[in-house]
Amino acid sequence: MTTATIDEPLVSAPENTILFMCRRSDLRLVKTQRYPIRGASGQQVGETPGEVVAFRDGALRLPKEGTVRLEDGRAVDVAEILAWLEDHRLNGDTQGGFWRVDPTAPAISRAELDQLMEMVLELDDEKLQRFVDQERAGWGREDLLEAAEKALMKVLEVKTAPRD
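Residues numbered from 1 in each chain as written. Predicted model: local features only at pLDDT ≥ 70, side-chain atom pairs only at ≥ 80, totals over all residues. Heavy atoms only, no water.

Participant: Just checking my understanding: could you explain the overall build of the chain for this structure?
Facilitator: What the chain contains, in helices and strands, is 4 helices and 9 strands. Counted from the first residue to the last, the chain has its helices and strands arranged as β-β-β-β-β-β-β-β-α-β-α-α-α. Taken against the 2.2 N^0.38 rule, which gives 15 Å for 164 residues, the C-alpha radius of gyration of the chain at 25 Å runs more than 25% over that of a compact globule. Over its C-alpha atoms, taken along the principal directions, the chain stretches across nearly 100 × 35 × 20 Å. A buried classification covers 29% of the 164 residues belonging to the chain. Counted over contacts in the chain with a minimum sequence separation of 6, partners at least 24 positions apart contribute 59%. When the 22 positive and 31 negative side-chain charges of the chain are each reduced to one mean point, those points stand 7 Å apart. (Helix = DSSP H or I, 4+ residues; strand = E, 2+ residues; numbered from the N terminus. Rg over C-alpha atoms; globule rule 2.2 N^0.38 Å. Buried < 20%, exposed > 50% of the residue type's maximum accessible area, 1.4 Å probe, protein only. Contact = heavy atoms within 4.5 Å. Lys, Arg positive; Asp, Glu negative; His and termini not counted. Charge placed at Lys NZ, Arg CZ, Asp CG, Glu CD.)

Participant: Before we go on, may I ask you to explain the packing of helix H3 (residues 125-137) against helix H4 (residues 142-160) in this structure?
Facilitator: Two numbers describe a pair of packed helices, the interaxial angle and the distance between the axes. Contact geometry for H3 and H4: axes closest at 9 Å, N-to-C directions at 160 degrees. As far as their axial angle goes, H4 and H3 are roughly antiparallel. You can see that H3 and H4 cross each other, and the crossing is left-handed. Residue-level contacts link Asp-125, Leu-128, Gln-129, Phe-131, Val-132, Glu-135 and Arg-136 of H3 to Leu-144, Leu-145, Ala-148, Glu-149, Ala-151, Leu-152, Val-155, Leu-156 and Lys-159 of H4. Looking at the contact of H3 with H4, its residues break down into 10 nonpolar, 1 polar and 5 charged. (Axes fitted to C-alpha atoms, helices over the stretch in contact; angles between N-to-C directions. Parallel < 35°, antiparallel > 145°, perpendicular 65-115°, else oblique. Left-handed = near helix turned anticlockwise from the far one by under 90°. Nonpolar A, V, L, I, M, F, W, Y, C, P; charged D, E, K, R; others polar.)

Participant: Is there a simple way to explain unusual backbone geometry in this structure?
Facilitator: Glycine aside, the phi torsion of most residues is negative, and most peptide linkages are trans. The residue Asp-57 is not glycine, and still its phi comes out positive at about 55 degrees. Mapped onto the secondary structure, Asp-57 falls in the loop between strand E5 (51-54) and strand E6 (59-63). Asp-57 sits in the exposed class, given a relative accessible area of 73%. One non-glycine residue, Leu-123, lies in positive phi territory at about 55 degrees. Note on placement: Leu-123 falls in the loop between helix H2 (110-121) and H3. The class of Leu-123 is partly exposed, set by a relative accessible area of 30%.

Participant: What's the story with the nonpolar core in this structure? I'm lost.
Facilitator: Taken as a class, soluble globular proteins show a tendency for nonpolar side chains to be buried jointly. With 19 residues, the main nonpolar core has Phe-20, Leu-29, Phe-55, Leu-62, Ile-81, Leu-85 and Phe-98 as its most contacted residues. Contributions of two or more residues to this core are made by strand E1 (17-22), E6 and helix H1 (78-87). Tallying contributions element by element places H1 first for this core, with 5 residues. Ignoring anything within four residues of it in the chain, the contact list for Leu-29 reads Glu-51, Val-52, Val-53, Phe-55, Trp-84, Leu-85, His-88, Leu-90 and Phe-98. Counting 13 residues, the second largest nonpolar core, distinct from the first, contains Met-119, Phe-131, Leu-144 and Leu-152. (Core = buried A, V, L, I, M, F, W, Y, C linked by side-chain atoms within 4.5 Å.)

Participant: Looking at this structure, how should I read the sheet that holds strand E9 (residues 98-101)?
Facilitator: Within a beta sheet, neighbouring strands are joined by backbone hydrogen bonds and run either parallel or antiparallel to one another. With antiparallel pairing, 3 strands are arranged side by side in an open sheet as E6-E1-E9. The sheet is open, and its two borders are formed by E6 and E9, each paired with just one other strand. For this sheet, the mean inter-axis angle between neighbouring strands, taken without regard to orientation, is 25 degrees. Direction of pairing for E1 relative to E6: antiparallel, over a ladder of 5 bridges. The partner of Thr-17 across the bridge, within E6, is Pro-63. Here H1 sits on the sheet and contacts E1, E6 and E9; the angle it forms with E6, its principal contact strand, is near 135 degrees. (Pairing = 2+ DSSP bridges.)

Participant: It is not clear to me how the pairing of E5 should be interpreted in this structure. Could you clarify?
Facilitator: Looking along a regular strand, one sees the side chains alternate between the two faces of the sheet. Here E5 shows a buried face lined by Glu-51 and Val-53 and a second buried face lined by Val-52 and Ala-54. In this structure, strand E2 (residues 28-32) lies alongside E5, joined through 4 bridges in antiparallel fashion. In the sheet register, Thr-32 faces E5, and the bridge partner there is Glu-51.

What follows is the structure, given as structure tokens:
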């Protein structure tokens, strides 16, 4: 039996980001405008900080949790920005606005099938269980899950069968 680290990825996993796309390469969405700060004599002495979310090369990738950097480099809570983007009037407008891109699961790879076969031949039920758990937590591809679960049951049958 081979030893593998528990965190070793056994199957492909979806990215841990949320992707928005737009037709324009440099779309800028102003969440909060900047306003001048005036001194006693009426002259501008500063500006209130604005909040601008900027697309780069037609894409905006946000982490699913944590913080995201605004155009000026300040970090803000990604949940706040995501909620604002979801309610934005240009969301879903494929001509002048932006849209969310939901990822699709990739086809089962030859490497994943080879790895599954190797685990079965080695009777490695622990690694097979991690394989199933990772796939269930990731893409959840039914065909791969069904094959891996059947393989796991067979391996457990063989390992627990009485020996002569």
